[in-house]
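# Residue-level structural notes
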Amino acid sequence: MNRPRRNRRTPAIRSMVRETTLSPADFILPVFFHEDAEDTPIASMPGVTRWSLVSLVREAGEAHALGIPAIVLFPKIGEALKTPFAEECHNDAGLVPRAIRVLKAAHPTLCVITDVALDPYNSDGHDGIVQRDGRGELDVLNDETVAVLCEQALCHARAGADIVSPSDMMDGRVAAIREALDDAGFTKVSILSYTAKYASAFYGPFRGALDSAPKDGDKKTYQMDPANSREAIRETLLDEAEGADMLMVKPAGLYLDIIAKVRETTTLPVAAYQVSGEYLMLKSAAAGGWLDEKAIVLESLTAIKRAGADMILTYFAKQACRWL
């Protein structure tokens, strides 16, 4: 008689036949930081902190010592520096370039990934440049935004970023950024494209952490409709053709089918982002005593990898490494 339970009988047997395993090398740690000298706990994300530059270097070092190969930077920009055309995003003396330089000086083997998008710098809170038509309706300008994103990517490359990660979802930006980087001699800088970034309700805690929510309207004209899956394949084929080195699906947990579709479509490495709303749900349920935090976090991360992700962006990265 066939008895599949024989392969589940003991921990040793289960470990031998396990199809999906997690390791610290699977994780990318998202980090928030600001100009302030003091660190600020983020109320919307228990256990997550917005770091000063000094503390950012220490946090990155702790993560790297645990075996995490990469971090991705998310800056909180002061209101006085936000403008309609987001000029601060390509200031070589700005917060992100300074962070890149101190991180690479302190941790040369750490992979530093930067977010390329305008929402932290845009006074309108959108990922692109906003224009209003004669009726006052909001329009996010695609090609004008892409030109600024290229300047931002070049700024990060000059500072020493290993990977730039456009999260804006403008059309054609991967090809434009690749061309700009190559023309400037940054042929070694990789592009991790947010390929299938959905207009999700799970981003709320993140926007609170950076004060980057749109001042008006929403992001549904450029981020993907959560009801669509075939569209993710179209975006995958386009980003691969335009020269992306890695592709990302965001969010992760509710979009395991999308991760699997993207994985089946491309030979490129696939990343998935376990976003702030997913983090907060698990943290809150564990804090209430309803779920075992270690068990549920590791299960959720295993599911993301099982679906096809090669890399997982998660705020649980350090905890998961310690548990593993």
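Below, the structure is looked at part by part.

All chains considered together, the criterion is met by 16 salt bridges. Members of the salt-bridge network, linked through shared partners, are Asp 119, Asp 127, Lys 197 and Lys 219.

Quick look at the pairing of strand E10 (residues 246-250) now. For a regular strand, side chains alternate in direction, first toward one face of the sheet and then toward the other. Counting buried positions over the five residues of E10 gives five, a clear majority of the element. Burial along E10 is two-sided: Met 246, Met 248 and Lys 250 and Leu 247 and Val 249, pointing in opposite directions, are all buried. For strand E9 (residues 190-197) and E10, the ladder comprises five bridges, and the chain directions are parallel. By the bridge assignment for E10, Tyr 194 is matched with Met 248. Note that E10 and strand E11 (residues 270-273) share three bridges and pair parallel. Its bridge partner lying in E11, Leu 247 is registered against Val 270.

A few words on a positive patch on the surface. A contiguous patch of positive charge, built from Arg 3, Arg 5, Arg 6 and Arg 8, is present on the exposed surface. Its place among the elements puts Arg 8 in the segment before helix H1 (11-17).

Next up on the list: helix H9 (residues 276-287). Taking 1.5 Å as the rise per residue, H9 with twelve residues should run 16 Å; its terminal C-alpha atoms sit 16 Å apart, in good agreement. Along H9, the residues classified as buried are Ser 276, Gly 277, Glu 278, Tyr 279, Leu 282, Lys 283 and Ala 286.

As a further point, take empty space enclosed by the protein. Counted according to the given criterion, the structure contains two cavities of 30 Å³ or more. Computed from the structure, the second largest cavity encloses a volume of approximately 30 Å³. Along the walls of the second largest cavity sit Leu 73, Pro 75, Val 96, Thr 114, Asp 115, Pro 120, Tyr 121, Gln 152 and His 156, which together make up its complete lining. The set of elements that each furnish at least two residues to the lining of the second largest cavity consists of strand E4 (70-75), strand E5 (111-116) and helix H4 (142-159). Looking at the lining of the second largest cavity residue by residue, the classes come out as five nonpolar, three polar and one charged.

A separate point is the side chain of Asp 26. Following the sequence through the fold, Asp 26 ends up in the loop between H1 and strand E1 (27-33). A relative accessible area of 9% places Asp 26 in the buried class. Side chain to side chain, Asp 26 and Lys 305 meet in a polar contact 3.0 Å long.

A few words on the packing of helix H3 (residues 95-106) against H4. Close contact between H3 and H4 brings their axes to 8 Å; oriented N to C, the two are set at 25°. On the basis of their axis angle, the class for H3 and H4 is roughly parallel. Between H3 and H4 lies a crossing whose hand is right-handed. Contacts between H3 and H4 involve Val 96, Pro 97, Ile 100 and Arg 101 on the former and, on the latter, Cys 155, His 156 and Ala 159. Each residue belonging to the contact of H3 with H4 can be placed in one class, and the counts come to five nonpolar, one polar and one charged.

Further remarks concern unusual backbone geometry. The omega angle of the peptide bond from Lys 250 to Pro 251 is -5°, so this bond is cis rather than trans. Looking at the element boundaries, Pro 251 is found in the loop between E10 and helix H8 (256-265). Non-glycine residue Ala 86 carries a positive phi angle of around 55°. Structurally, Ala 86 is set in the loop between E4 and H3.

About the cut-offs
- Residues numbered from 1 in each chain as written.
- Predicted model: local features only at pLDDT ≥ 70, side-chain atom pairs only at ≥ 80, totals over all residues.
- Heavy atoms only, no water.
- Salt bridge = Lys/Arg side-chain N within 4 Å of Asp/Glu carboxyl O.
- Buried < 20%, exposed > 50% of the residue type's maximum accessible area, 1.4 Å probe, protein only.
- Helix = DSSP H or I, 4+ residues; strand = E, 2+ residues; numbered from the N terminus.
- Pairing = 2+ DSSP bridges.
- Patch = residues over 30% accessible without salt bridge, like charges linked within 9 Å, V, L, I, M, F, W, Y side chains within 5 Å.
- Areas by Shrake-Rupley, 256 points an atom, 1.4 Å probe, with all protein chains shown as cover.
- Lys, Arg positive; Asp, Glu negative; His and termini not counted.
- Charge placed at Lys NZ, Arg CZ, Asp CG, Glu CD.
- Expected span 1.5 Å × (residues − 1).
- 1 Å grid on protein atoms, 1.4 Å probe; cavity = no way out; pocket = protein on both sides within 12 Å on 5 of 7 lines; lining within 4 Å.
- Points joined across faces, edges and corners; volume = space filled by probe spheres on them.
- Nonpolar A, V, L, I, M, F, W, Y, C, P; charged D, E, K, R; others polar.
- Polar contact = N/O pair within 3.5 Å; in protein donor to acceptor, adjacent residues only side chain to side chain.
- Axes fitted to C-alpha atoms, helices over the stretch in contact; angles between N-to-C directions.
- Parallel < 35°, antiparallel > 145°, perpendicular 65-115°, else oblique.
- Left-handed = near helix turned anticlockwise from the far one by under 90°.
- Contact = heavy atoms within 4.5 Å.

On their own, these measurements won't tell you what the molecule is for.
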